[in-house]
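# Architecture and fold: a report
The chain contents come next:
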Amino acid sequence: MKSLVSVNDLSKAEILDILEMAARFETNPNPRFTCNKVIASIFFEPSTRTRLSFETAINRLGARVIGFSETANTSLAKGESLKDTITMIANYADMIVMRHPLEGSVRYASEIANVPVINAGDGSNQHPTQTLLDLYSIRKTQGRLDNLHLTVVGDLKYGRTVHSLIMAMSHFNPEFRFVAPAELALPGEYKSFLRSKSIPFAEQTDLVSGIVDTDIVYMTRVQKERFSEPMEYEKLKHTYILRNSMLAASRPGMRVLHPLPRVGEISEDVDANPKAYYFNQARNGVYARMAVICYLLGVEAV
Ligand code: CP
């Protein structure tokens, strides 16, 4: 039994195997085999893409899904503990997909459950399946993962997709440029991680110059739900707005990614630009999640 809580739970070879399987699911999204499992989808925080793409993936694999998307109708509302809740769900399901606002909560659940647990996002910590679909999208648009230059923009402090992406890309000799206001700069632990791997990175506050000479511009939303001071969020929420006119100076093959949802940081006039890839990126989530489920359940994908 193997859970996926952090992207570091996967080796480089395992990541590449999952991406290959995802490519096969993109070619054939309705596999002939039936995965005879019940999978619990339990979301303690709002989600559109992650929950629905997981549930689509489960359905496409022929498995069945149970779960909840908010806790008001569960016995958590009566005061049941997270430990007892996870123990119960593991009695019913063969796998648990879990999102929770507390960092470390999914690791805790994986230690309680006797079935694999997939982290669908835990606070500001990690979002490993988002990273797998990000890697899939990067490889698909760039033709490779190795030796790429990535510009990562926005909320690098609270953005869990950024934290997972940095760790996973460390296998592929990247170079990073981080664009963020000082208040939302990348936490020191991730900079230490990059230094320990001799991965070059630069930090700056200017977005316009950050777009040139890069292969990927990875935009992120300022994570309103992580702020204890609403005024601080109001001050920072519109720090960066990517506009179509800014893309003229970028490389022809550059692509704009965003884990979504966006709340103003990419202007809608970017959507029609062929460099905009974020909606395709979200669609790739179904294939990546089909692959992750099969990988963790030991299902041989055709
Ligand atoms: N990218 C992502 O996690 O989106 P949702 O919050 O809609 O699941």
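The following paragraphs examine the structure supplied in this document. Model, not experiment: these values are computed from the prediction.

So, on to the overall build of the protein chain. Along the backbone of the protein chain there are nine helices and nine strands. For 302 residues, the compact-globule formula gives about 19 Å, and the C-alpha radius of gyration of the protein chain, at 19 Å, lands near that figure. Looking at the 302 residues of the protein chain, the share that counts as buried comes to 55%. Counting contacts in the protein chain only where the partners sit at least 6 residues apart, residues at least 24 apart contribute 74% of the total. When the accessible area of the protein chain is evaluated, it comes to approximately 12800 Å², of which 49% is carbon and sulfur surface.

Moving on: the pairing of strand β2 (residues 64–68). Across five bridges, strand β1 (residues 38–43) lies against β2 in parallel orientation. Residue Ile42 lies in a different strand from β2, and its bridge partner there is Phe68. In this region the chain leaves β1, passes through helix α2 (residues 49–60) and returns to the parallel neighbour β2; the handedness of that crossover is right-handed.

Next up on the list: the state of the cysteines. Per the stated rule, a full pass over the model turns up zero disulfides. Between Cys35, a free cysteine, and Cys294, which holds the nearest cysteine sulfur, the sulfur-to-sulfur gap is 6.0 Å. Accessibility expressed as a relative area gives 2% for Cys35, which makes it buried.

Turning our eyes to something else, we now look at the site of the ligand. Taken together, Ser47, Thr48, Arg49, Thr50, Arg99, His127, Gln130, Pro259 and Leu260 make up the full set of residues adjacent to the ligand. In the model, an oxygen atom of the ligand is placed 2.7 Å from a nitrogen or oxygen of the Thr50 side chain. Between the ligand and Gln130 there is a distance of 3.0 Å, counted from a nitrogen atom to a side-chain nitrogen or oxygen. Expressed as a share of its isolated accessible area of 250 Å², the protein-covered part of the ligand is 91%. Split by residue class, the shell around the ligand holds two nonpolar, five polar and two charged.

Turning to its location among the elements, His258 is positioned in the loop between β9 (255–257) and α9 (278–297). A distance of 2.6 Å separates the side chain of His258 from the side chain of Glu265, its partner in a polar contact. Look past the residues within four positions of His258 in its chain and what remains in contact with it is Met219, Thr220, Arg221, Glu265, Ile266, Tyr278 and Gln281.

Counting 61 residues, the largest nonpolar core has Phe25, Leu135, Ile138, Met169, Phe176 and Ile293 as the members making the most contacts within it. The biggest single contributor to this core is α9, with nine residues. Excluding residues that lie within four positions of it along the chain, Phe25 makes contacts with Pro31, Phe33, Leu61, Tyr287, Met290, Ala291, Cys294 and Ala301. Ile42, Phe44, Ile89 and Val115 belong to the second largest nonpolar core, which has 17 residues in total.

Here the focus is the environment of Val286. With respect to the secondary-structure elements, Val286 resides in helix α9. Among the residues examined, Val286 registers a relative accessible area of 13% and is labelled buried. Expressed as a C-alpha distance, the spacing of Val286 and Arg60, which sit 226 residues apart in the sequence, is 9.0 Å. In contact with Val286, other than residues within four places in its own chain, are Ser53, Thr56, Ala57 and Arg60.

What follows is about the pairing of strand β6 (residues 175–179). A large share of β6 lies buried, amounting to four of its five residues. For strand β5 (residues 149–153) and β6, the ladder comprises five bridges, and the chain directions are parallel. Looking across to β6, one finds that His149 is bridged to Glu175. Crossover connection from β5 via helix α6 (residues 160–169) to parallel β6: handedness right-handed. In this structure, β6 lies alongside strand β7 (residues 201–204), joined through four bridges in parallel fashion.

This brings us to the side chain of Ser110. Secondary-structure assignment places Ser110 in helix α4 (residues 105–112). Engagement of the side chain of Ser110 in a polar contact is seen with the backbone oxygen of Arg107, the distance being 2.6 Å. Not counting the four nearest positions on each side in its chain, Ser110 is found in contact with Ser3, Val5 and Val117.

Ordered by their spatial adjacency, four strands build an open sheet running β2-β1-β3-β4, and the pairing between neighbours is parallel. Because the sheet does not close on itself, it has two edges, and the strands there are β2 and β4 (117–122). The sheet shows a mean angle of 15 degrees between the axes of neighbouring strands, taken without regard to direction.

Definitions and limits used
Along every chain, residues carry numbers that run from 1 in the direction the sequence is written. It should be noted that, the model being predicted, local features are given only for residues of pLDDT at least 70 and side-chain atom pairs only at 80 or more, the latter also being counted only at that level, while totals for whole chains, interfaces and linings use all residues. The basis for every side-chain value is the complete set of heavy atoms in the structure, and neither hydrogens nor water enter the calculation. Secondary structure elements are taken from DSSP: a helix is a run of H or I of four residues or more, a strand is a run of E of two residues or more, and numbering for both begins at the N terminus. This radius of gyration counts C-alpha atoms alone. The globule rule is 2.2 Å times how many residues there are, raised to the power 0.38. Note on exposure labels: buried denotes an accessible area under 20% of the residue type's maximum, exposed denotes more than 50%, and partly exposed covers the range between, all computed with a 1.4 Å probe on protein chains only. We call two residues contacting when some pair of their heavy atoms lies within 4.5 Å. Surface accessibility in these figures is a Shrake-Rupley result with a 1.4 Å probe; residues are shielded only by whichever protein chains are displayed. Strand pairing is assigned whenever DSSP identifies at least 2 bridges connecting the two strands. Call a crossover right-handed when, viewed with both strands pointing away from you, the route from the first strand across the helix to the second goes clockwise. A pair of cysteine sulfur atoms is labelled a disulfide when the two atoms are within 2.5 Å. To be near a molecule or strand, a residue needs just one of its heavy atoms within 4 Å of it. Pairs of N or O atoms are called polar contacts if they sit within 3.5 Å, as long as, within protein, a hydrogen donor faces a hydrogen acceptor (for residues adjacent in sequence, only side-chain-to-side-chain pairs). Under the scheme applied here, ten amino acids are nonpolar (Ala, Val, Leu, Ile, Met, Phe, Trp, Tyr, Cys and Pro), four are charged (Asp, Glu, Lys and Arg), and all others, including Gly, are polar. To qualify as a nonpolar core, a set must consist of buried Ala, Val, Leu, Ile, Met, Phe, Trp, Tyr and Cys residues joined through side-chain atoms within 4.5 Å. Interaxial angle, 0 to 180 degrees, is taken between N-to-C directions of lines fitted to C-alpha atoms, where a helix line uses only the stretch in contact.

Taken by themselves, the reported measurements are silent on function.
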